[in-house]
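Take a look at the letters that make up each chain.
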Amino acid sequence: MLKYKVFYSVYAPNKVKQRKDFYSKLNRVLNQICLNERNILMAGDFNCCLHNNDRVPFTHEGDQSRTCLKNILAKFNLCDASKVVTNTPLFTWQNTNSTIKSRLDYIFVSENISQCTEYINSEYFISCKNEEKLSDHKYVNISLANILPKRGPGYWKLNISCLEEKEY
């Protein structure tokens, strides 16, 4: 069974310079905590488009923070969870007349977790009262398969004499 060791929720700044600084700090934190970790899930609003088809029209080629983020993903062997399931971009933001669409929100996972990815989707939070959007971004959700370890042959046994000890 996968035990998730590291989970990061990310909200990167809107401005490129601040976002580059943020990714630099994120890289240092990841180095300290999970350099040898094999189960990492990092999700949130990264405020930059990682792939060329993550923005329509394509206008983010000069975004230097994009390279910083790609370096982090390569260093920690993280992949875009939506690319595991589909190659269709899940646009998570668009302007009011839908002429500009961007994918700014991602879920990145390590290889162990990517093997368990069954489904990924993106939707708006809608108010129950007046059915309005509660955010200008869609949320991204992921469904992971529950992988149980293989059971060995025979029966599970318990030596009940230890239950008679005072500590138990």
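Please refer to the structure placed before this passage.
The paragraphs below set out a description of the structure included in this document. (Residues numbered from 1 in each chain as written. Predicted model: local features only at pLDDT ≥ 70, side-chain atom pairs only at ≥ 80, totals over all residues. Heavy atoms only, no water.)

### Points about the nonpolar core
Counting residues in hydrophobic clusters, the biggest one holds 22 residues, and the most contacted among them are Tyr-23, Leu-30, Met-42, Phe-46, Leu-69 and Phe-108. Every element with two or more residues in this core is listed here: strand 1 (6-11), helix 1 (16-34), strand 2 (40-45), helix 2 (64-75) and strand 7 (105-110). Top element by residues in this core is helix 1. It accounts for four residues. When neighbours within four sequence positions are excluded, Leu-69 is seen to be in contact with Tyr-23, Phe-46, Cys-48, Leu-50 and Phe-108. Grouped together as the second largest cluster of nonpolar side chains are eight residues, Leu-41, Ala-43, Ala-81 and Leu-90 included. (Core = buried A, V, L, I, M, F, W, Y, C linked by side-chain atoms within 4.5 Å. Buried < 20%, exposed > 50% of the residue type's maximum accessible area, 1.4 Å probe, protein only. Helix = DSSP H or I, 4+ residues; strand = E, 2+ residues; numbered from the N terminus. Contact = heavy atoms within 4.5 Å.)

### Structural notes on helix 1
A rise of 1.5 Å per residue sets the reference length of helix 1, with its 19 residues, at 27 Å; its end C-alpha atoms lie 26 Å apart and thus fit the reference within 8%. Buried residues along helix 1 sit against strand 1, strand 2 and helix 2. (Expected span 1.5 Å × (residues − 1).)

### Structural notes on helix 2
Within an α-helix, residues lying three or four positions from one another point in the same direction, as the helix has 3.6 residues per turn. With twelve residues, helix 2 extends 17 Å between its outermost C-alpha atoms, agreeing within 8% with the 16 Å of an ideal straight helix rising 1.5 Å per residue. Elements that come into contact with the buried residues of helix 2 comprise helix 1, strand 2, strand 4 (78-80) and strand 7. One or two residues past the end of helix 2 sits Asn-77, with phi positive at roughly 55°.

### Observations concerning the sheet that holds strand 1
Read from one edge of the open sheet, four strands run 1-2-7-4, paired in mixed fashion. If you trace the sheet from one side to the other, it starts and ends with strand 1 and strand 4, each paired once. Sheet twist, expressed as the average angle between the axes of neighbouring strands with direction ignored, equals 20°. Helix 1 contacts strand 1 and strand 2 of the sheet and is inclined by roughly 170° relative to strand 1. (Pairing = 2+ DSSP bridges. Axes fitted to C-alpha atoms, helices over the stretch in contact; angles between N-to-C directions.)

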